[in-house]
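# Survey of secondary and tertiary structure
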Amino acid sequence: MMKKSKHILALCALVGSSAAFALAADFATVDSDGNGAISMEEASKHPELISQFKDLDTNVDGELSQEEFAKAK
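Now for a look at the structure at hand.

### Details of the overall build of the protein chain
Secondary structure summary: the protein chain contains six helices and two strands in total. The helix and strand sequence of the protein chain, counted from the amino end, reads α-α-β-α-α-α-β-α. In the protein chain, the proportion of contacts linking residues at least 24 apart, taken out of those at least 6 apart, comes to 32%. Accessible surface, the protein chain as shown: approximately 5300 Å² in total, 62% of it carbon and sulfur.

What follows is the structure, encoded as structure tokens:
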């Protein structure tokens, strides 16, 4: 029973951290240099985003546009 409780708690923390990312980091915040695109370097400061970066970069230019960023989960 204790092992199952730990797994449930870990899952809740994971879900909560993803939701916090979605609410806390908007495009303008992540685009720290304000050039209208998010580089891999800028994304690297946000683990939830960097893990999705290659999938989100649909035009494979090494940056995320605002439209590409909007699809982050």
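### Describing unusual backbone geometry
A positive phi angle, near 50°, is found at Val 60, a position not held by glycine. Mapped onto the elements of the fold, Val 60 is located in the loop between α5 (53-56) and β2 (63-64). Here Val 60 falls in the exposed class, since its relative accessible area comes to 69%.

### Here's the deal with the packing of aromatic side chains
Tallying each qualifying case throughout the model produces one aromatic pair. On the numbers, 5.7 Å between centres and 70° between planes, the contact of Phe 27 with Phe 69 is edge-to-face. Here Phe 27, found in helix α2 (residues 27-30), pairs with Phe 69, found in helix α6 (residues 66-69); they are 42 residues apart in sequence, far enough to count as distant. Take Phe 69: its relative accessible area is 10%, and that puts it in the buried class.

### Things to note about the environment of Leu 49
In this fold, Leu 49 is placed in helix α4 (residues 47-50). Classification of Leu 49 as buried rests on a relative accessible area of 0%. Through-space distance from the C-alpha of Leu 49 to that of Phe 69 is 8.7 Å; in sequence the pair is 20 residues apart.

Parameters and conventions
- Residues numbered from 1 in each chain as written.
- Predicted model: local features only at pLDDT ≥ 70, side-chain atom pairs only at ≥ 80, totals over all residues.
- Heavy atoms only, no water.
- Helix = DSSP H or I, 4+ residues; strand = E, 2+ residues; numbered from the N terminus.
- Contact = heavy atoms within 4.5 Å.
- Areas by Shrake-Rupley, 256 points an atom, 1.4 Å probe, with all protein chains shown as cover.
- Buried < 20%, exposed > 50% of the residue type's maximum accessible area, 1.4 Å probe, protein only.
- Phe/Tyr/Trp six-rings, centres within 6.5 Å; stacked < 30°, edge-to-face > 60°.

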